[in-house]
Structures are given as C-alpha cells and as structure tokens.
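# Residue-level structure breakdown
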Amino acid sequence: LQLVHEYTENLEIKVVNCIALHQPFARDLRYLTGSLKVSNEIHRSAHDAVHIANSTKFIEKGVNDSIVEKIGELARMALNMFRKSIDAFLRFRSLRLDEWQKMDDAVDDFHEAIIAEITTIMASDSSSWIRAGVSLILATRYIERIADHACNIIEASVFVLASKRVKIE
C-alpha cells in the first residue's frame, strides 16, 4: 500500500509540473487529468484489497467451500474488469459502454446472490456463522467496489478519447 501511495504522490507532482511548465491543451490536458483520476481509482482499489485481506482473518478453513469458491469467481470477474480498464486507458482504447455495463451488472448481480446465500446460512446456523458471514459479506462488498473503480477508469478513458462525460450506472 505504501508503494501505491508513493506512485500516486509522484504522479500528482509530475502532472502539476507538466501543466505548469508545458501548458497542455485539449486531449493532452484531458489525459493528464484523467491520469490523476485513474491513479485515484487504483489507490482506492489498493485500499479495498487491504480490506479484503483483513476481512478474511475471521473465516475458518472449510467454513463453506462453495461460498468461498463463488467469492473467488467474483474476484476474478472484478479483476478482469480492472485489468481491461487499465489497459484501455493506457492504450487510448475505447470500450463499448453497453458491454461494459453488462459486465458491471453481472458483478453486481453475482454479488447480491452471494450475499443472499450468506445471509441464509447465517440465519439457519447463527452460532458459528455470524462473524464469518459478516466477514465474507464485507469481502464481497470490497470486491464489488473494485469493479466499480474499473467502471470509473473506463469513464475517464471515454473522457480522454471523446471529450464526453459518461456514467456507467
């Protein structure tokens, strides 16, 4: 996390210096400001990753392997989105927003299904599952947030490329 903080700070300094010394305009200025936004999304995702790691310390091995596997799948979906969003920004590529919306909806729906399953188990076996269930729910929420950060990066990419503000809901 410290390394992410250092990279974020260094990028901010370089962007401010570039703006002050070179007075960029149009796409170059959008790219610089977009870089700051993407850096912030990466920074926030790193914090979410730390929260995910901290959430898992209350989960005993073998608590419910099926749910843990589903959370792993949710994490793969979010990581795929995150990687694609970073790649799109770095390569000045535009992704179809309707396809991106479908990926985000799939993550959101799967997240909700996992939470429903966890709460059902918590209600039927409350004695041993309360702490683990809450931890698993928190972990899934942080994973879902990483997918949301990827959406924000795509929004920044569209702004840089097309000078349009879009919102992926």
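Everything below is about the structure shown above.
The notes below deal with the structure included here. Here the structure is a predicted model, which means the values were calculated and not measured. (Residues numbered from 1 in each chain as written. Predicted model: local features only at pLDDT ≥ 70, side-chain atom pairs only at ≥ 80, totals over all residues. Heavy atoms only, no water.)

What follows deals with the packing of aromatic side chains. Applying the stated rule across the entire model yields two aromatic pairs. On the basis of an interplanar angle of 10 degrees and a centroid distance of 5.2 Å, the ring pair of Y31 and F89 is categorised as stacked. Of this pair, Y31 sits in helix 2 (residues 27-55) while F89 sits in helix 3 (residues 65-90); the two residues are 58 residues apart in sequence, bridging distant segments of the chain. Under the relative-accessibility criterion, Y31 is labelled partly exposed at 24%. For the pair Y31 and F92, a centre-to-centre distance of 4.9 Å together with 35 degrees between the ring planes defines the contact as tilted. Of the two residues, Y31 is situated in helix 2 and F92 in the loop between helix 3 and helix 4 (97-124); the sequence distance between them amounts to 61 residues. (Phe/Tyr/Trp six-rings, centres within 6.5 Å; stacked < 30°, edge-to-face > 60°. Helix = DSSP H or I, 4+ residues; strand = E, 2+ residues; numbered from the N terminus. Buried < 20%, exposed > 50% of the residue type's maximum accessible area, 1.4 Å probe, protein only.)

Take unusual backbone geometry next. Here the phi dihedral of F92 falls at roughly 55 degrees; this positive angle occurs in a residue that is not glycine. Even without being glycine, S163 reaches a positive phi, approximately 55 degrees.

These figures capture arrangement, not role.
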